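# Results of the structural survey
What follows is each chain in one-letter form.
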Amino acid sequence: QVQLVQSGGGLVQPGGSLRLSCAASGSIQNIYTMAWYRRPPGAAPETHGEVIAHEFSGGITNYQNSVKGRFTISRDYAKNTVYLQMNSLKPEDTAVYYCSALIGLWDGTRDTYWGQGTQVTVSS
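Below: a short report on this structure. Since this is a predicted model, take the numbers as computed values, not measurements.

The next point concerns the pairing of strand β6 (residues 60-63). In this structure, strand β5 (residues 50-56) lies alongside β6, joined through four bridges in antiparallel fashion. When the sheet's bridge partners are listed, Ala 53 is paired in β6 with Tyr 63. Taken together, β5 and the strand that follows it, β6, pair antiparallel across an intervening segment of three residues, in which Gly 58 is found at a positive phi of about 100°.

Written out as structure tokens, the structure reads:
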């Protein structure tokens, strides 16, 4: 009923920038929060890793210390889309990035949904 489709990512040199997008679609009544997670190399493949940026309704944001000042999460409420602007990328930012959203449906249910994941590799 709900899909989160990610775009962006790829290979970038250290110091470079990338922007990830994540668009939610389906029988959405309300999106309460949206967030970005990342799973570094070597982590358990069945996990989504750790949250690095979180956007709460009303524009309140929260960041993991390792990305604070370099990454920016933003949300387009009209498009049900969340973005992650990543600047000053470092090799340690290499990971699979996932978006997630806590979504309420028109049938009254509420659940967390995940994007398909996208690889970001920072290397020279």
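On to the state of the cysteines. Counted under the stated rule, the structure contains one disulfide. Across the disulfide, Cys 22 is cross-linked to Cys 99 (sulfur-sulfur distance 2.0 Å). A torsion of 60° about the S-S bond marks the disulfide between Cys 22 and Cys 99 as right-handed. Taken together, the positions of Cys 22 in strand β3 (residues 18-26) and Cys 99 in strand β9 (residues 95-105) put the pair 77 residues apart, joining distant regions of the chain. Owing to a relative accessible area of 0%, Cys 22 belongs among the buried residues under this scheme. Using a relative accessible area of 0% as the deciding quantity, one classes Cys 99 as buried.

Strand order in the open sheet formed by four strands is β1-β3-β8-β7, and the pairing between neighbours is antiparallel. Every other strand in the sheet has two partners, leaving β1 (2-7) and β7 (71-76) as the edge strands with one partner each. Neighbour-to-neighbour, the strand axes of the sheet open up by a mean angle of 15°, direction not taken into account. Alignment of β3 against strand β8 (residues 81-86), held across six bridges, turns out to be antiparallel. Looking across to β8, one finds that Ala 23 is bridged to Thr 81.

Tracing the chain through its elements places Ser 27 in the loop between β3 and β4 (28-39). Residue Ser 27 is classed as partly exposed on the basis of its relative accessible area, which comes to 33%. Contact partners of Ser 27, with chain neighbours within four places excluded, come to Gln 1, Gly 104, Leu 105 and Trp 106.

What counts and what doesn't
- Residues numbered from 1 in each chain as written.
- Predicted model: local features only at pLDDT ≥ 70, side-chain atom pairs only at ≥ 80, totals over all residues.
- Heavy atoms only, no water.
- Pairing = 2+ DSSP bridges.
- Helix = DSSP H or I, 4+ residues; strand = E, 2+ residues; numbered from the N terminus.
- Disulfide = S-S within 2.5 Å.
- Buried < 20%, exposed > 50% of the residue type's maximum accessible area, 1.4 Å probe, protein only.
- Axes fitted to C-alpha atoms, helices over the stretch in contact; angles between N-to-C directions.
- Contact = heavy atoms within 4.5 Å.

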